[in-house]
Protein chains: 2
Amino acid sequence: MVAARRSRPAHSSLAQRLGVAIVTGRHPPGGLLPGEIEFAESFGVSRSVIREALRTLAAKGLVESRPKTGTRVRDRRDWNLLDPELLGWMFEGAPSLPFVRSLFQLRLIVEPAAAEIAAARRSARQLSAMGHALETMAEHGLASEIGRAADHQFHALILEATDNELLVSLSASIAAAVRWTTFFKYRHEKQPRNPMPEHHALFEAIANADTPGARDATLKLVHQAQLDTEAAIKLGERRSKE
Amino acid sequence: MVAARRSRPAHSSLAQRLGVAIVTGRHPPGGLLPGEIEFAESFGVSRSVIREALRTLAAKGLVESRPKTGTRVRDRRDWNLLDPELLGWMFEGAPSLPFVRSLFQLRLIVEPAAAEIAAARRSARQLSAMGHALETMAEHGLASEIGRAADHQFHALILEATDNELLVSLSASIAAAVRWTTFFKYRHEKQPRNPMPEHHALFEAIANADTPGARDATLKLVHQAQLDTEAAIKLGERRSKE
DNA sequence: ATCAATTATGTTGTCAGACTATTTGACCTG
DNA sequence: CAGGTCAAATAGTCTGACAACATAATTGAT
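Computed from a predicted model, the values in this text were never measured in an experiment. (Residues numbered from 1 in each chain as written. Chains lettered and ligands numbered in written order. Predicted model: local features only at pLDDT ≥ 70, side-chain atom pairs only at ≥ 80, totals over all residues.)

Participant: In this structure, what is going on with the protein's contact with DNA strand D? I would like to understand it.
Facilitator: Surrounding DNA strand D, one finds 21 residues, the nearest of these being A:Pro67, B:Ala10, B:Ser46, B:Pro67 and B:Lys68. For the surface near DNA strand D, the secondary-structure elements that each account for two or more residues are strand 1 (63-66) and strand 2 (70-73) of chain A together with helix 1 (10-23) and helix 3 (47-59) of chain B. The leading source of residues in the surface near DNA strand D is helix 3 of chain B, at three residues. Across the surface near DNA strand D, the residue classes tally to six nonpolar, nine polar and six charged. (Near = placed C-beta within 6 Å. Helix = DSSP H or I, 4+ residues; strand = E, 2+ residues; numbered from the N terminus. Nonpolar A, V, L, I, M, F, W, Y, C, P; charged D, E, K, R; others polar.)

What follows is the structure in structure tokens.
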């Protein structure tokens, strides 16, 4: 028996397995999945479980089912790439460098603009919460779970201060991916650069309602994260070739 | 009567009904949904149908099911607002002005930046396709279905030219909402301003690889769309009060 | 009396099998 | 050759039962 995951419903873990299998390239787009009965038997589950898993995938744009035809993997451009779960599945495999570049390009577009808005609109309470998160982050460092949580908290607070729920939602999607890149960075490389100076600069700019400063600080911050992450990825690829 | 779609599966239309009911505020966040058996009977369907519909909603972050507790509507910040279907459901009701503002703020952040990238990277083939779409758009106008399709095509081509699949996915999500705002504009107002001059300016900038020009043209274009849309919304609200 | 362990209880989760509806493709028929 | 008809395959739906789980109530020990 395979160490039974901490009691996640079968349809949920199956959805994840199938989702990962699809985004990593097995079951290529346009391809047909096995029929439900056969598929269910191959996983040792009932048809209902398979069907509910497929509903989950269909909701994310990964597959499409029709009578007589079967269930087909949809074209990649129909996928809901900004779905947090889906984004997480992408990083279960080894994400391609182009994809990581796309991700950071999006961050470089969205986050500086968001910081600019946040600098103009943040409330006093939000500001103090940011300060607190920053202290926690400085104290524990990004190598610890607590430090990373504080980092996310800090960035989440900035997005929240924009008072734009679509920006918040977008950031939540990206956060899942960023979490992975951070983990990846610290896994393949000894201590990277200290990120605190940039964070403090960003915080200062937001505190002073300095919108160009906030944009600039975020730009630098994300750009540095990109450099570190890409270096780590290339290092990882080189190692895995041996 | 809206000409009953050609027999969508019951679980699919139910998911839409429930999704709309949730995003429009019935079934408030934190609230508990009826039990599956009771719920199924109230809709005259079997439990499997309800369950599959709920899996669809759960995949979009709208609800969360646990044994004994029941199925609960998740907090609004957990919703996957960038999901195209979900965005469509938001516009089934009357979207609030703040939400529309959030949408345009996001557009004002993403689309100018995307146009800038597209101006630098577009291929000759993509450029000619844009030109063709623009001609079709000019010929038919935004009041016709063909014209609107050409408009979307034009903007989709720009996003595609960025060669960033996350940007493309984001645009696909936004497009559903934009489609509604366009429809709304032309429903409540006689012919608004002619949007072609801005479109041509944008096209010219992309053709000349003029990145600042492309950014600027897009900025103006989206901004004008925002003004027109908000005017139409306010007009609609005033009318509905009578 | 307080807290921990234990036992109820209600809800989602899973299973099995049968039947229906829809779509596609082949096969007739004109 | 065109058109309609028929057959087959698959997802879609239904039913009813039982299992697993999380919460609440209850009991027991200290």
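Participant: Whenever I open this one, the interface of chain A and chain B confuses me. Can you help?
Facilitator: Often, the extent of an interface is quoted as the loss of accessible area upon association of its parts. Counting residues at the interface gives 27 residues for chain A and 27 residues for chain B. Secondary structure elements with two or more residues in the side of chain A that touches chain B: helix 3 (47-59), helix 5 (97-121) and helix 8 (165-188) of chain A. A breakdown of the residues in the side of chain A that touches chain B according to their chemical character gives 12 nonpolar, eight polar and seven charged. (Contact = placed C-beta atoms within 7 Å.)

Participant: Which parts of the structure should I look at to understand the protein's contact with DNA strand C?
Facilitator: Among the 21 residues in the neighbourhood of DNA strand C, the closest are listed as A:Ala10, A:Ser46, A:Pro67, A:Lys68 and B:Lys68. Listed by contribution, the elements that provide at least two residues to the surface near DNA strand C are helix 1 (10-23) and helix 3 of chain A together with strand 1 (63-66) and strand 2 (70-73) of chain B. Split by residue class, the surface near DNA strand C holds six nonpolar, nine polar and six charged.

Participant: Just checking my understanding: could you explain the domain arrangement of chain A for this structure?
Facilitator: Along its sequence, chain A is carved into domain 1 (10-78) and domain 2 (94-240). The C-alpha-based centres of domain 1 of chain A and domain 2 of chain A are spaced at 34 Å. (Domains from an automatic or database assignment.)

Participant: Hey, could you run me through unusual backbone geometry in this one?
Facilitator: Negative phi is the rule for most residues except glycine; trans is the rule for most peptide bonds. Residue and element names in this part refer to chain A. Of note, His-27 is a non-glycine position whose phi angle comes to about 50°, a positive value. Inspection of the secondary structure puts His-27 in the loop between helix 1 and helix 2 (36-43). Within the chain, Asp-163 stands out as a residue other than glycine whose phi angle is a positive 60°. With respect to the helices, strands and loops of the structure, Asp-163 is situated in the loop between helix 7 (145-161) and helix 8. Among the residues examined, Asp-163 registers 18 C-beta atoms within 10 Å and is labelled partly exposed. (Buried ≥ 20, exposed ≤ 12 C-beta atoms within 10 Å, placed from the backbone.)

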